[in-house]
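Residues per chain, in single letters:
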Amino acid sequence: MYVQILKDFMDSLTEWKIPGNTLIVNYKGKEVFRYSSGFSDVKIGKKMQGNEWFNVYSCSKPVTCVAALQLFEKGFFRLDDPIYSFLPEFKEVCVECEDHSVRKAEKAITFRHLFTMSAGLTYNVDQGSMKRLQEECPDADTRTVAKYIAGDLLRFDPGTKYRYSVCHDVLAAIVEVISGMSFGDYVKKNIFAPLGFENQVTFKRTAEIYKKMATHYAFATSDEKGVISSPDGQAFWKEIEKTPWLVLTKNHESGGAGMVSTADAYAAFAKAMANWGKCPNGESLLSPDTINLMRTPHGIPGARKEFDSTPRQRGYDYGLGVRTLVDIESSGGYGCPLEFGWAGADGCYTLFDPDNELSLFYAQHILYGDVSDYIEPEMRKIIYKYIVK
């Protein structure tokens, strides 16, 4: 019964406001649902096949945090160690106060602050040092991007507040420093190779990759040039370039929003996370203890309030780079305590539930709009109501 219910739900989305989508659900070690609906390219009528590559945007973040936590497990750092041990440009950081005066930060940025989005950084990529980076060094690599990020003033003392930001881009640079590899190569070798999908993820956008990607859309208004109408006429879409604006330079392998992946590759990652980190080949991405550390709320001031302000995140708090469910009733009445995951700007969404060995990866390819506030809670409701026993 649930198969038809989920198919109908997926079709309702593409008949409404979404050009195309793909969903893969794994439960108790088995794939229990796979379906694609709509179009990967609306203009030429190309149907969504399920093998397209997608910009996963902020669904990159859980991958980045797993990469960094692998190094944590190997003893390269502790959560409360300062990051300037690896990125010396962050040793002397200053805070811009509300009256625009500037003072030295009361404490150094630690790894915990980066994981939990409490370092005082921002996502203002069109201002300050990050804007200057794009003007001065359009070919800068991930390590150089971090140096420019360090040039901006913090908005608050580290650890005192939650603010969504480029924290995980800085984590990616640290992974490079510790491993001696490019961030993308590290992720392929240490996360997706054990899953058998190293050839279906990348942080490098080439002409070949662009050909494999679903056309990238954004919501538009009816009076914009070249717009396409949704089937029911309730939404309008426009094609946009396939490189996210959060990938700041040609060689920036953004840990926050830069991964391109197939649905199969990301679903395999999600399945392993829901199996306490264990891959089909017997290797582990992370230990169960570290999975629990990742999904445990870390008490960041303001995080719960921020999540409760948006329908799709109500009932969640923040762990190490992931939202984690702490109040099922507030979230709509369906789920499992400490189910965790994240979502991206174009609507990609992932959920990991080790207690039920349940995972999902949902992909779509249209930026913004308020549709995720409906899609994510409704999808979670259907899956927990009809699949989880």
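Everything discussed here concerns the structure shown above.
The following paragraphs examine the structure supplied in this document.

Conventions used here
Residues numbered from 1 in each chain as written. Predicted model: local features only at pLDDT ≥ 70, side-chain atom pairs only at ≥ 80, totals over all residues. Heavy atoms only, no water. Pairing = 2+ DSSP bridges. Helix = DSSP H or I, 4+ residues; strand = E, 2+ residues; numbered from the N terminus. Contact = heavy atoms within 4.5 Å. Axes fitted to C-alpha atoms, helices over the stretch in contact; angles between N-to-C directions. Expected span 1.5 Å × (residues − 1). Buried < 20%, exposed > 50% of the residue type's maximum accessible area, 1.4 Å probe, protein only. Salt bridge = Lys/Arg side-chain N within 4 Å of Asp/Glu carboxyl O. Parallel < 35°, antiparallel > 145°, perpendicular 65-115°, else oblique. Left-handed = near helix turned anticlockwise from the far one by under 90°. Nonpolar A, V, L, I, M, F, W, Y, C, P; charged D, E, K, R; others polar. Arc of directions from axis to C-beta. Core = buried A, V, L, I, M, F, W, Y, C linked by side-chain atoms within 4.5 Å.

Moving on: the sheet that holds strand β7 (residues 201–202). Spatially, β4-β11-β7 is the arrangement adopted by the 3 strands of the open sheet, whose pairing is antiparallel. For this open sheet the edge positions go to β4 (53–55) and β7, each flanked by a neighbour on one side alone. Bridge analysis of β7 against strand β11 (residues 260–262) gives 2 bridges, and the strand direction is antiparallel. Bridge pairing in β11 links V201 to S261. Contacts from helix α9 (residues 263–273) reach β4, β7 and β11, with the element oriented near 85° to β11.

In this section: helix α2 (residues 60–73). The end-to-end C-alpha separation of α2 is 20 Å, in line with the 20 Å expected for 14 residues at 1.5 Å each. Of all the 14 residues making up α2, 12 are buried; the element is thus mostly covered by neighbouring parts of the structure. For α2, the complete set of buried residues consists of S60, K61, P62, V63, T64, C65, V66, A67, A68, L69, Q70 and L71. G75 lies just past α2 and shows a positive phi near 90°.

Working note: regular strand, side chains alternate between the two faces of the sheet. On strand β14 (residues 340–343), burial covers both faces: F340 and W342 on one face and G341 and A343 on the other are all buried. Bridging between strand β13 (residues 323–325) and β14 involves 2 bridges; their strand directions are antiparallel. Bridging across to β14, T324 finds its partner in F340. Alignment of β14 against strand β15 (residues 349–353), held across 4 bridges, turns out to be antiparallel. Looking across to β15, one finds that A343 is bridged to Y349.

Within the structure shown, the criterion is met by 19 salt bridges. Across the salt bridge formed by K212 and E208, the nearest N and O atoms sit 3.6 Å from each other. In this pair, K212 and E208 are both assigned in helix α8 (residues 207–212), 4 residues apart and thus about one turn of the helix distant. Judged by its relative accessible area of 52%, E208 falls in the exposed class. Here R304 ties to D327 by a salt bridge, and the two come within 3.4 Å at their closest N and O atoms. Here R304 is found in helix α11 (residues 303–308), whereas its partner D327 is found in the loop between β13 and β14, with 23 residues between them in sequence. For R304, a relative accessible area of 27% translates into the label partly exposed.

Once that is clear, we can look at the packing of helix α4 (residues 128–136) against helix α5 (residues 142–149). Remark: α4 packs on α5, axes separated minimally by 8 Å, with the N-to-C direction vectors making an angle of 140°. As summarised for this structure, α4 and α5 are arranged oblique, according to the angle between their axes. Judged by the sense of rotation from one axis to the other, the crossing of α4 with α5 is right-handed. Touching S129, M130, R132, L133 and E136 of α4 are V145, Y148 and I149, all from α5. Here the contact of α4 with α5 is composed, by residue class, of 5 nonpolar, 1 polar and 2 charged.

For the rest of this paragraph, the subject is helix α7 (residues 183–192). Counted residue by residue, α7 has 7 buried out of 10 residues, so it is predominantly covered. Those residues of α7 not exposed but buried are F183, G184, Y186, V187, N190, I191 and F192. Projected down its long axis, α7 carries its buried residues within an arc of 155°, all on one side. Contacts made by the buried residues of α7 are with α2, α6 (167–179), β7 and α9.

Let us look at unusual backbone geometry. Positive phi values are uncommon outside glycine, yet K28 reaches one of about 55°. As for its position among the elements, K28 is in the loop between β1 (20–27) and β2 (30–41). The exposure class of K28 is partly exposed, given its relative accessible area of 45%.

Locating K305 in the fold gives a position in helix α11. For K305, a relative accessible area of 70% puts it in the exposed group. For the pair formed by K305 and A172, sequence separation is 133 residues and the distance between their alpha carbons is 27 Å.

What follows concerns the nonpolar core. Membership of the largest hydrophobic core comes to 89 residues, with the highest contact counts inside it found for L114, F115, F192, F269 and M294. Element by element, the count of residues in this core is highest for α9, at 9 residues. When sequence neighbours within four positions are dropped, the list of residues in contact with M294 reads P62, C65, V66, L69, M273, L286, G319, L320, V322 and F340. F9, A235, Y349 and Y384 belong to the second largest nonpolar core, which has 30 residues in total.

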